[in-house]
Amino acid sequence: MTPDTLAALTQRLREFAAIREWQPFHSPKNLAMAVAGETGELVAEFQWLTEAESRAPGPERLLRIRDEAADVFIYLLRLADGLGFDLVEAANAKMDRNEVRYPAEQVKGSARRSDEY
């Protein structure tokens, strides 16, 4: 079974954890820490690469990057589910705020932070 929607994947993750009786370990604190840990593993795949190498990783590295990105996504989705918010809705709300904080005509071509404008 390959869930093709976020809701289906969320349900699959719930069932996966429930069957293994992992719910006691999936507190928001632990899941946030797992996100940070997996993010570190993702970052490690890019450590010491040049810009060009980071844009075109070889097949083996790309597979590792894909797996680490999936781990980050899975834990983040579990965190959102555990706290009862929709991650897609949260991301869209954040993008709405970002559109106001970073007006295209003002920030185009710049990597400065919003408080630097």
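Let me begin by describing the structure that accompanies this report.

**Considerations on the nonpolar core**
Part 1: Listed in full, the 5 residues of the largest apolar core are Leu9, Leu13, Leu77, Ala80 and Leu87.
Part 2: Sorting the residues of this core by element identifies α1 (6-19) and α4 (59-83) as the ones contributing at least two each.
Part 3: Contacts of leucine 87, omitting those with residues within four sequence positions, involve Leu76, Leu77 and Ala80.

**Focus: unusual backbone geometry**
Part 1: Of note, the phi angle at glutamate 21 is positive, near 55°, even though the residue is not glycine.
Part 2: Tracing the sequence through the fold places glutamate 21 in the loop between α1 and α2 (28-46).
Part 3: A positive phi angle, close to 75°, is found at tryptophan 48, a residue other than glycine.
Part 4: Relative to the assigned elements, tryptophan 48 resides in the loop between α2 and α3 (51-55).
Part 5: Judged by its relative accessible area of 76%, tryptophan 48 falls in the exposed class.

**Quick look at the packing of aromatic side chains**
Part 1: Per the counting criterion, the structure on display carries 1 aromatic pair.
Part 2: Arranged with centres 5.5 Å apart and planes meeting at 75°, the rings of phenylalanine 16 and tryptophan 22 form a pair that is edge-to-face.
Part 3: Classification of tryptophan 22 by relative accessible area gives partly exposed; the value is 35%.

**Brief notes about the pattern of salt bridges**
Part 1: Taken as a whole and assessed by the stated rule, the structure comprises 5 salt bridges.
Part 2: For aspartate 81, the salt bridge goes to arginine 78, with nearest N and O atoms at 4.0 Å. With a gap of 3 residues between them, aspartate 81 and arginine 78 both fall in helix α4, about one helical turn apart.
Part 3: One salt-bridge network, held together by shared partners, links Arg14, Arg78 and Asp81.

**As for the side chain of glutamate 68**
Part 1: Looking at the element boundaries, glutamate 68 is found in helix α4.
Part 2: Of the side chains with opposite charge, arginine 64 lies nearest to the buried glutamate 68, which makes no salt bridge, at 7.3 Å.
Part 3: Look past the residues within four positions of glutamate 68 in its chain and what remains in contact with it is Glu38, Glu41 and Leu42.

**Digging into a nonpolar patch on the surface**
Part 1: On the surface, Phe16, Trp22 and Phe25 cluster together into a nonpolar patch covering about 320 Å² of accessible area.
Part 2: Residue placement: phenylalanine 16 occurs in helix α1.

**Notes on the environment of valine 72**
Part 1: Residue position: valine 72 is located in helix α4.
Part 2: Valine 72 sits 66 residues away from leucine 6 along the chain, and the two C-alpha atoms are 15 Å apart.
Part 3: Setting aside residues no more than four positions away along its own chain, valine 72 makes contact with Val35, Glu38 and Thr39.

**Quick notes on α4**
Part 1: With 25 residues, α4 ought to run about 36 Å at 1.5 Å a step, and its terminal C-alpha atoms sit 36 Å apart, in line with that.
Part 2: Every buried residue belonging to α4 is among Ile65, Glu68, Val72, Leu77, Arg78, Leu79 and Ala80, and all of these are buried.
Part 3: Looking at the buried positions of α4, the neighbouring elements they touch are α1, α2 and α5 (87-101).
Part 4: Looking one or two residues beyond α4, the residue adopting positive phi is glycine 84, at roughly 80°.

The rules behind the values
Residues numbered from 1 in each chain as written. Predicted model: local features only at pLDDT ≥ 70, side-chain atom pairs only at ≥ 80, totals over all residues. Heavy atoms only, no water. Core = buried A, V, L, I, M, F, W, Y, C linked by side-chain atoms within 4.5 Å. Buried < 20%, exposed > 50% of the residue type's maximum accessible area, 1.4 Å probe, protein only. Helix = DSSP H or I, 4+ residues; strand = E, 2+ residues; numbered from the N terminus. Contact = heavy atoms within 4.5 Å. Phe/Tyr/Trp six-rings, centres within 6.5 Å; stacked < 30°, edge-to-face > 60°. Salt bridge = Lys/Arg side-chain N within 4 Å of Asp/Glu carboxyl O. Lys, Arg positive; Asp, Glu negative; His and termini not counted. Patch = residues over 30% accessible without salt bridge, like charges linked within 9 Å, V, L, I, M, F, W, Y side chains within 5 Å. Areas by Shrake-Rupley, 256 points an atom, 1.4 Å probe, with all protein chains shown as cover. Expected span 1.5 Å × (residues − 1).

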